[in-house]
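# Breakdown of the fold
Residue strings, one per chain:
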Amino acid sequence: MLLKAPPHQVAGHQAAEGNLGPLVDGAGRFFKPLQDHDRGSKEVGFYRSFWSNSQLPPNVHEFFPSFYGTQLLEASDGSGPREHLVIDDVVSSLYRPSVIDVKIGSRTWYPGASDEYVDKCVEKDRTSTTLQVYQSEEPGLWKPGRRWVKAILSTDQVRSVLRAFVASNASSSSPDCVHAPAIFGGPTGVLAQLLELKQWFEKQTFYHFYSTSVLLMYGRDEADGSRPVAASVKLVDFAHVVHGEGVIDHNFLGGLCSLIKFVEDILERVDGNEMLLKAPPHQVAGHQAAEGNLGPLVDGAGRFFKPLQDHDRGSKEVGFYRSFWSNSQLPPNVHRFFPSFYGTQVLEASDGSGPREHLVIDDVVSSLYRPSVIDVKIGSRTWYPGASDEYVDKCVEKDRTSTSLKLGFRISGLQVYQSEEPGLWKPGRRWVKAILSADQVRSVLRAFVSSNASSSSPDCAHAPAIFGGPTGVLAQLLELKQWFEKQTFYHFYSTSVLLMYGRDEADGSRPVVASVKLVDFAHVVDGEGVIDHIFLGGLCSLIKFVEDILESVDGNVAWTSKLGLTEIQNACGIMEVRAEMLNALEPANKECRSSSSSSVNQPPMQQLLLPAPPAVATAPGLVIDPKMDLLSGDDYQSPSSNDI
């Protein structure tokens, strides 16, 4: 047999680096070396007793691993042949299993144990919960180490861990608890199984379980890795089970009831309209609610909750939505380019600062499977009339050192789902800030509709389906342009156009559902009877780029760029070096000065171009300043008092 250490074991002795521990065969069997002295033989004795006990109700069997006797195998520590208990590998049938090991009972030492063993158990009885959780595709498996687990010492910490266990963002400081109804709830969920187990423990007097654990487990749907399935409850570890002598196991029953209450409380909060909010997984720009930062949240049911910005910016954005959606003079077709508005709602802020009013609008990507999104900030100037000098200076600096001034728009962020391999491509902030020329913008827009977006030579394979056609991006942008050529109600400053498309759920390689939406309206002002020529100009510029790409594809024109994706990566690295040099000379310098006005008479890429390194898919990871708005450039929490 080809035996290996169990890959999903979360507690107990582990057969790694020459240690003695259990093994699995990959075919559903778990081989546990018998412990020294009489503990191993006692565990074997329990299994023989349990599985031959005709007085046990049949439904109880499902909570215990099946027993296949013992087998002599080479021990994992190299000490030679050793007898092993052979039982079910209880997680073998689960795809990407999430597992939590809960040791039950306020005391874990058994009657007749030595004083030394009792003392050791007393010390450990406070720190006995261990787990692993598979989160969403990013960042994947979360499996805290022993020291982290040993620090779980309070009721609130236990509750947080149980919430994390059924969260899509388990490692976050604010677990969203999004899978609680599917895993904890329902007729076959964890709570139903624990209650069924409790009924048996309220009656059974055969056994008393000391230092036994309850494993709570669930897997993922193999066709849809984000969907949890197959909740399961199993008891494991029976080396210290003793005869019940006609008395119920009140120690285990009490701990089980306590665990049940924790699970019930979590479900009650969820079912009682505690929304299961989480950071938007497909957000590509702007404030992001991660690691305790203030940012928007989504409920997974189509709603997007955006915290109102400080001073009057939040109220201005709410005011725009109220005006827009009550304006009877707007042509009905224009509504589809704006998120629907559902008022405001007071929610706990994502940064833990307490209740805060949130704007409630459509989550515009929620209906898309594996959405590809690009955020394009429109306008050659992004500051609004009446802004403070400080704010204007900041916007001028950003507009001049990006493509806003030259092209009438700039790219603020993007993500593209490519073919199955290598999957999601989502460049970092510094990579995006290095998009400084028309050729680079063209390369990025081509990458957006490519099956190999992260390649240095994007194939533009999806351009006809996404950019072209009667319902494609170009058609929608032209329809929006027609409105902007006439409308004089609003002037949009620092507003973005989102271009989006999803994938066919049955065929993940086929793109579908192109969509165009406008977002971010904190700086919209009254049009005063004049068309919004700044936004219109930028929109027309974007349209021309899309038209050019479609013409090159439809005409089978081979397009080459002087400065493409690899040069963006190259420029990104140089900008970081220059920023470090400036900061070393003058700490007050900001990162944006890395390509600032000292060389404004030269095209930025002439300043930065070096021989390109090998192409890479993504920029290095980075730490985003939680106070900096990638869309507007605003300091989110501390704007100028004059910035109104």
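My aim in this report is to walk through the structure given alongside it, one point at a time.

Across the interface, helix α14 (residues 473–484) lies against helix α15 (residues 533–554) with an axial gap of 10 Å and an inter-helix angle of 155°. What the angle tells us is that α14 and α15 run roughly antiparallel. The crossing of α14 and α15 is left-handed. Two secondary-structure elements touch here, α14 through L474, L477, L478, L480, K481 and F484 and α15 through F535, L536, L539, C540, L542, I543, V546, E547 and L550. Residue composition of the contact of α14 with α15, grouped by class: 13 nonpolar, no polar and two charged.

Turning our attention to the pairing of strand β13 (residues 303–307). Extensive coverage of β13 is indicated by the burial of four of its five residues. Both strand β12 (residues 297–298) and β13 contribute to a ladder of two bridges, which runs antiparallel. Pairing of V298 across the sheet is with F304, part of β13. Taken together, the five bridges between β13 and strand β15 (residues 355–362) define a ladder with antiparallel strand orientation. The partner of P307 across the bridge, within β15, is H358.

With glycine set apart, most residues show a phi of negative sign, and most peptide bonds adopt trans. For R96, which is not glycine, the phi torsion reads 50° and is therefore positive. Take R96: it is sitting in the loop between β4 (81–88) and β5 (98–103). Given a relative accessible area of 14%, R96 falls into the buried group. Phi at R370 is positive, roughly 50°, even though this residue is not glycine. Checked against the element boundaries, R370 lands in the loop between β15 and β16 (372–378).

What follows deals with helix α9 (residues 389–400). With twelve residues, α9 should reach 16 Å at 1.5 Å per residue; the first-to-last C-alpha distance of 16 Å fits that figure. If you check which residues of α9 are buried, you get Y391, V392, C395, E397 and D399. Residues of α9 that are buried make contact with α10 (404–407) and β17 (409–417).

Within the structure shown, the criterion is met by 48 aromatic pairs. Taking the centre distance of 6.1 Å and the plane angle of 45° together, the rings of F206 and Y207 count as tilted. Judged by relative accessible area, which is 27%, F206 ranks as partly exposed. Residue classification places Y207 among the buried residues on the basis of a relative accessible area of 7%. Between F320 and F338 the ring centres are 6.2 Å apart and the planes differ by 45°, which places this aromatic pair in the tilted class.

This structure, assessed with the given rule, holds 16 salt bridges. The residue E397 makes a salt bridge to R400 at a minimum N-O spacing of 3.4 Å. Taken together, the positions of E397 and R400, both in helix α9 and three residues apart, correspond to about one turn of that helix. With a relative accessible area of 12%, E397 lands in the buried category. For R442, the salt bridge identified is with D439, shortest N-O distance 3.1 Å. A residue pair is termed a helical-turn pair when its members lie 3 or 4 positions apart in one helix, as R442 and D439 do in helix α12 (residues 438–448) at three residues. Overlapping salt bridges bring together K32, E43 and D237 as one network.

Before going further, it helps to examine the side chain of T495. Tracing the backbone through its elements, the reader meets T495 in the loop between β19 (490–491) and β20 (496–503). In this structure T495 comes out as buried when scored by relative accessible area, which is 0%. At a separation of 2.7 Å, a polar atom in the side chain of T495 contacts the main-chain carbonyl oxygen of D520. Residues in contact with T495, not counting those within four places in the same chain, are V376, K377, I378, L518, V519, D520, F521, V524 and F535.

Further remarks concern the sheet that holds strand β1 (residues 23–24). Two orientations exist for strands paired in a sheet by backbone hydrogen bonds: parallel and antiparallel. The antiparallel open sheet is built from four strands, whose spatial order is β1-β2-β4-β3. Both edges of this open sheet fall to β1 and β3 (67–74), since each of them pairs with a single strand only. Across five bridges, the pairing between strand β2 (residues 29–33) and β4 is antiparallel. Note that in β4 the partner of K32 across the bridge is L85. Together, β2, β3 and β4 form the strand contacts of helix α1 (residues 39–52), whose direction differs from that of β3 by roughly 155°.

This part takes up the nonpolar core. The nonpolar side chains of soluble globular proteins are, as a tendency, buried together. Residues F338, F467, L477 and F492 are the most contacted members of the largest nonpolar core, which totals 63 residues. Of all the elements, α15 adds the most residues to this core, at nine residues. If near-sequence neighbours (up to four positions away) are discounted, F467 is found in contact with L445, F448, V449, H462, G472, V473, L474, V546, I549 and L550. Counting 53 residues, the second largest nonpolar core, distinct from the first, contains F64, V149, I183 and A231.

To continue, consider the environment of G189. Within the secondary structure, G189 is located in the loop between α5 (180–183) and α6 (190–201). Classification of G189 by relative accessible area gives buried; the value is 1%. Placed 40 residues apart in sequence, G189 and V229 show a C-alpha to C-alpha distance of 9.6 Å. Residues contacting G189, with those up to four places away along its chain left out, are I183, F184 and A231.

Before going further, it helps to spend a moment on the sheet that holds β20. Pairing within the open sheet is antiparallel, and its five strands lie in the order β18-β17-β16-β20-β21. The sheet is open, and its two borders are formed by β18 (424–425) and β21 (511–519), each paired with just one other strand. Pairing geometry for β17 and β18, over two bridges, is antiparallel. Note that in β18 the partner of V416 across the bridge is W425. α12 rests against β16, β17, β18 and β20 of the sheet, and its axis sits at about 30° to β17.

With that settled, the discussion passes to the pairing of β16. In regular strands, side chains alternate between the two faces of the sheet. In terms of residue burial, β16 counts as a mostly covered element, since seven of its seven residues are buried. Side chains S372, I374, V376 and I378 of β16 all project onto a buried face; the interleaved residues V373, D375 and K377 project onto the opposite face, where all are buried too. Taken together, the six bridges between β16 and β20 define a ladder with antiparallel strand orientation. By the bridge assignment for β20, D375 is matched with L498. Direction of pairing for β16 relative to β17: antiparallel, over a ladder of six bridges. Across the sheet, the residue bridging to K377 is R410, located in β17.

Thresholds, definitions, all that
- Residues numbered from 1 in each chain as written.
- Predicted model: local features only at pLDDT ≥ 70, side-chain atom pairs only at ≥ 80, totals over all residues.
- Heavy atoms only, no water.
- Axes fitted to C-alpha atoms, helices over the stretch in contact; angles between N-to-C directions.
- Helix = DSSP H or I, 4+ residues; strand = E, 2+ residues; numbered from the N terminus.
- Parallel < 35°, antiparallel > 145°, perpendicular 65-115°, else oblique.
- Left-handed = near helix turned anticlockwise from the far one by under 90°.
- Contact = heavy atoms within 4.5 Å.
- Nonpolar A, V, L, I, M, F, W, Y, C, P; charged D, E, K, R; others polar.
- Buried < 20%, exposed > 50% of the residue type's maximum accessible area, 1.4 Å probe, protein only.
- Pairing = 2+ DSSP bridges.
- Expected span 1.5 Å × (residues − 1).
- Phe/Tyr/Trp six-rings, centres within 6.5 Å; stacked < 30°, edge-to-face > 60°.
- Salt bridge = Lys/Arg side-chain N within 4 Å of Asp/Glu carboxyl O.
- Polar contact = N/O pair within 3.5 Å; in protein donor to acceptor, adjacent residues only side chain to side chain.
- Core = buried A, V, L, I, M, F, W, Y, C linked by side-chain atoms within 4.5 Å.

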